[in-house]
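Single-letter residue listing:
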Amino acid sequence: MSYPVIKGAGYALIHTPDMIIHNGTTQTTERITNPESEYLKKITDHIRTYEEVINYAPNQVYIGNITPEDLRNYKLPWFDKDVPEANRFGKFGEIMPQDEFICLLKIVDSFDLVKLKKEFINNLKVKMQNHPLFKNDMDQLKEGEEIEEIEKMVKEQHAEALYHEGNLVGCVKKAHDIDLNLTAHILFENLVVKASGMLAFKHLINKNNIDVSDIEYVIECSEEACGDMNQRGGGNFAKAIAESVGAVNATGSDTRGFCAAPTHALIEAAALVKSGIYENVVIVAGGATAKLGMNGKDHVKKEMPILEDVLGAFAILISKNDGVNPVLRTDLVGKHTVGTGSSPQAVITALVTTPLERGGLKITDIDKYSVEMQNPDITKPAGAGDVPEANYKMIGALGVKRNELERKELLNFVKEHGMPGWAPTQGHIPSGVPYLGFAMKDLTEGNINRAMIIGKGSLFLGRMTNLFDGVSIVIERNSGKTEEVGVSQETIKKMIAESMRDFASQLLKE
Amino acid sequence: MDLENQNRVKSMTEKYGAENIIVLFGAAEAEAAGLAAETVTNGDPTFAGSLAGVQLGLRVYHVVEPEFKEAVDGEVYEEQIGMMEMVLDVDEIVEEMKSMREQFCKY
């Protein structure tokens with residue numbers, strides 16, 4: 001059978017120190033409910049510098065400069081240890097500073113809603129003239145506005161302020177007088193998704209030698225919604241991002257499913273390619289400012305820096321089988337159904353063992369499980385434990401219950417079949433997909449033959465169902481065979497014989 | 001604890017009486033279970049929700065605690081919780097929950 005392949009991956013982080021304070025919901029909620037709180041007073045002392053964010057080991061893993069296995073050489077906590085020779089740019093993408101990202105907001109702004117200060121633009125035009133992806137886009141920043149104009153829009157016209165290093169440098173205007181779906185705040189969040197998604201997408205194209213005009217379909221899978229009062233989640237981030245990267249032959253649509261959406265999107269992309277509808281499909285997601293500093297109170301209480309200080313984004317290209325890259329086993333897909341039930345046992349059975357059984361595989365036949373790869377440096381101090389480790393223990397424990405694994409082997413299983421988490425807690429960003437970039441190498445040049453990508457989502461947060469959700473898919477080393485159906489020797493002989501007969505009869509006629 | 005859950009616990013306690021309520025937890029970490037237990041006994045320690053400063057003193061148990069395990073059907077327990085019992089740090093959770101009950105439980 002000819003399966004689709006993972007053809008390329010792009011990943012980006014954006015350091016957004018001022019957005020933690022002004023746009024993270026933990027902080028905005030605190031300003032409303034407890035404006036004089038100690039937390040708000042202390043917060044600026046706990047913000048990391050751009051250099052610290054670059055040197056942070058999990059961030060270097062995210063952009064591909066070190067591997068998840070390398071992360072094991074760093075003892076937790078990770079925030080007080082630097083990666084030697086850390087770099088802003090990596091094999092998969094980059095870690096962008098906030099001021100450059102604010103310029104990207106302007107570059108992707110199709111409705112002239114983003115207003116930036118003149119001096120800020122002039123400085124950035126100089127700073128970004130060497131950026132490998134955006135040096136030619138600087139004209140789109142235009143001239144900029146006087147600061148008095150921007151102050152007026154923020155104070156009198158409900159514009160969302162944009163800060164850098166504590167100073168007002170611009171704003172996002174509202175797009176409607178009364179429509180709550182087109183407020184400056186929502187437009188800001190949506191432009192952040194578009195700009196960060198575009199950044200990851202551009203890296204995907206740039207790092208993998210892809211002709212952008214070959215891309216036929218884009219699936220966007222973040223957690224925001226764009227639309228107006230008559231269609232609140234009308235969409236379509238996917239097409240907007242496709243336009244911003246110049247994918248002229250693509251259309252697209254948005255897939256939502258909380259944190260599980262990227263794995264849903266991966267399966268959908270695989271299906272579109274496998275069916276032959278499209279040859280090249282990109283799944284892409286931008287980042288969420290709302291989640292910046294989500295566990296900030298715990299981090300500050302424990303005298304740590306606020307580690308949720310980056311937006312995350314990714315873009316993955318799924319293409320028809322090239323005989324080289326890892327294949328997506330569209331026949332080995334797991335899903336948590338409406339009837340599955342909510343006990344962890346039922347969930348892991350549905351997501352892990354049910355698809356494995358279909359392929360005649362055991363839990364130990366999967367070399368690496370990529371679950372929700374949340375960085376434990378962030379979650380442990382907040383009392384949420386080590387998320388990937390807990391997932392590996394659950395998968396292993398199910399293996400024990402099914403007699404596929406000895407109980408005493410449980411901890412070894414966690415180490416051998418698992419990975420330490422490195423993804424920022426941006427909801428959908430950690431969800432299985434951060435490993436795909438590494439999987440491309442591990443399942444071709446490396447010694448891994450099979451991995452499983454698992455995404456899970458907390459649907460109950462939307463108050464429409466109490467259900468939880470999850471999907472999974474197995475990826476495998478490419479066998480090198482790309483043909484759908486083999487032609488037997490006999491058929492070939494028959495075909496040759498028929499041609500000879502035709503040829504002979506032609507000759508006789510002449 | 002989630003603000004909406006705080007509202008639900010509070011309104012159910014008002015409706016049925018604190019002496020008639022037991023709150024069961026399934027949190028994977030002792031610290032998280034402890035914080036939630038503290039919220040429904042001594043009040044929301046983060047002062048964010050409706051239980052801030054409200055000392056309901058409810059009875060609190062985690063589902064891996066022996067009191068709960070002995071009270072339910074063994075087969076159902078094994079099916080629903082058996083795997084998690086293998087994974088969680090049961091001793092740590094039991095200790096944390098006991099400490100919350102001893103300090104703040106009124107019933």
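Structural notes, computed from the coordinates. (Residues numbered from 1 in each chain as written. Chains lettered and ligands numbered in written order. Predicted model: local features only at pLDDT ≥ 70, side-chain atom pairs only at ≥ 80, totals over all residues. Heavy atoms only, no water.)

Comments concerning the overall build of chain B
As a reminder of what qualifies: Per the convention used, a helix needs a DSSP run of H or I reaching at least four residues, while a strand needs a run of E reaching at least two, with both numbered from the N terminus. Radius of gyration means the value over C-alpha atoms here, while the globule rule gives 2.2 Å times the residue count to the 0.38 power. We call a residue buried when its accessible area falls under 20% of the maximum for its residue type, exposed when it is over 50%, and partly exposed in between, using a 1.4 Å probe and counting protein chains only. Contacts: residue pairs with any heavy atoms within 4.5 Å of one another. In this description, accessible areas are obtained by the Shrake-Rupley approach with a 1.4 Å probe, and a residue is regarded as covered only by the protein chains that are shown.
What chain B contains, in helices and strands, is 5 helices and 2 strands. Mapped in sequence order, the helices and strands of chain B form the string α-β-α-β-α-α-α. The C-alpha atoms of chain B give a radius of gyration of 14 Å, which matches the 13 Å a tight globule of 107 residues would have. Counting only residues that meet the buried cut, chain B has 42% of its 107 residues in that class. Partitioning the contacts of chain B with sequence separation of at least 6, the portion at a separation of at least 24 is 67%. Put simply, chain B shows about 5,800 Å² of open surface, and 49% of that area lies on carbon and sulfur atoms.

A word on the packing of aromatic side chains
Residues and elements named next belong to chain A. The test is simple: Only Phe, Tyr and Trp rings take part, Trp by its six-membered ring, and two of them pair if their centres are within 6.5 Å. Stacked means planes under 30 degrees apart, edge-to-face means over 60, and tilted covers everything else.
Counted by the stated rule, this structure contains 7 aromatic pairs over all chains. Relative to tyrosine 62, the ring of tyrosine 11 lies with its centre 5.3 Å away and its plane at 75°, an arrangement referred to as edge-to-face. Pair noted here: tyrosine 11 is in strand β1 (residues 5-15) and tyrosine 62 is in helix α5 (residues 57-62), with a separation of 51 residues, a long-range link. Pairing tyrosine 217 with tyrosine 278 gives two aromatic rings, centres 4.9 Å apart and planes at 10°, and the pair type is stacked.

Re the packing of helix α16 (residues 387-401) of chain A against helix α4 (residues 74-87) of chain B
As a reminder of what qualifies: To get an axis, a line is fitted to the C-alpha atoms, and for a helix only the part in contact is used. The angle between two axes follows their N-to-C directions and goes from 0 to 180 degrees. For classification purposes, angles smaller than 35 degrees are called roughly parallel, those larger than 145 roughly antiparallel, those between 65 and 115 roughly perpendicular, and all remaining angles oblique. Crossing handedness is defined as follows: a turn of the near helix away from the far one that is anticlockwise and smaller than a right angle gives a left-handed crossing, while the clockwise case is right-handed.
Running from N to C, α16(A) and α4(B) cross one another at 120°; their axes reach a closest spacing of 8 Å. The angle between α16(A) and α4(B) places the two elements in the oblique class. Crossing geometry of α16(A) relative to α4(B) is assigned as right-handed. Residues Ala390(A), Lys393(A), Met394(A), Ala397(A), Leu398(A), Val400(A) and Lys401(A) of α16(A) touch α4(B), and the partners they reach there are Glu78(B), Gly82(B), Met83(B), Met84(B), Met86(B) and Val87(B).

Examining the interface of chain A and chain B
The condition that has to hold: Summed over both partners, the accessible surface that disappears when two parts come together, traced with a 1.4 Å probe, is what is meant by buried area. Whenever Lys or Arg places a side-chain nitrogen within 4 Å of a carboxyl oxygen from Asp or Glu, that contact is recorded as a salt bridge.
Every contact between the two is made by 18 residues of chain A and, on the other side, 13 residues of chain B. If you sort the residues of chain A by the area they bury against chain B, Gln345(A), Gly383(A) and Lys401(A) come out on top, with a joint share of 30%. Summed over the shared surface of chain A and chain B, the result is 2 salt bridges. One salt bridge in this structure joins Glu78(B) and Lys401(A), with 2.5 Å as the shortest N-O distance.

Some points on the environment of His15(A)
Residues and elements named next belong to chain A. Here histidine 15 lies in strand β1. Residues histidine 15 and lysine 408, spaced 393 residues apart in sequence, show a C-alpha to C-alpha distance of 42 Å. When residues no more than four places from it in sequence are discounted, the contact partners of histidine 15 are Arg48, Thr49, Tyr50, Val53, Met96, Pro97, Gln98, Asp309 and Val310.

Read these as layout, nothing more, since geometry by itself doesn't imply function.
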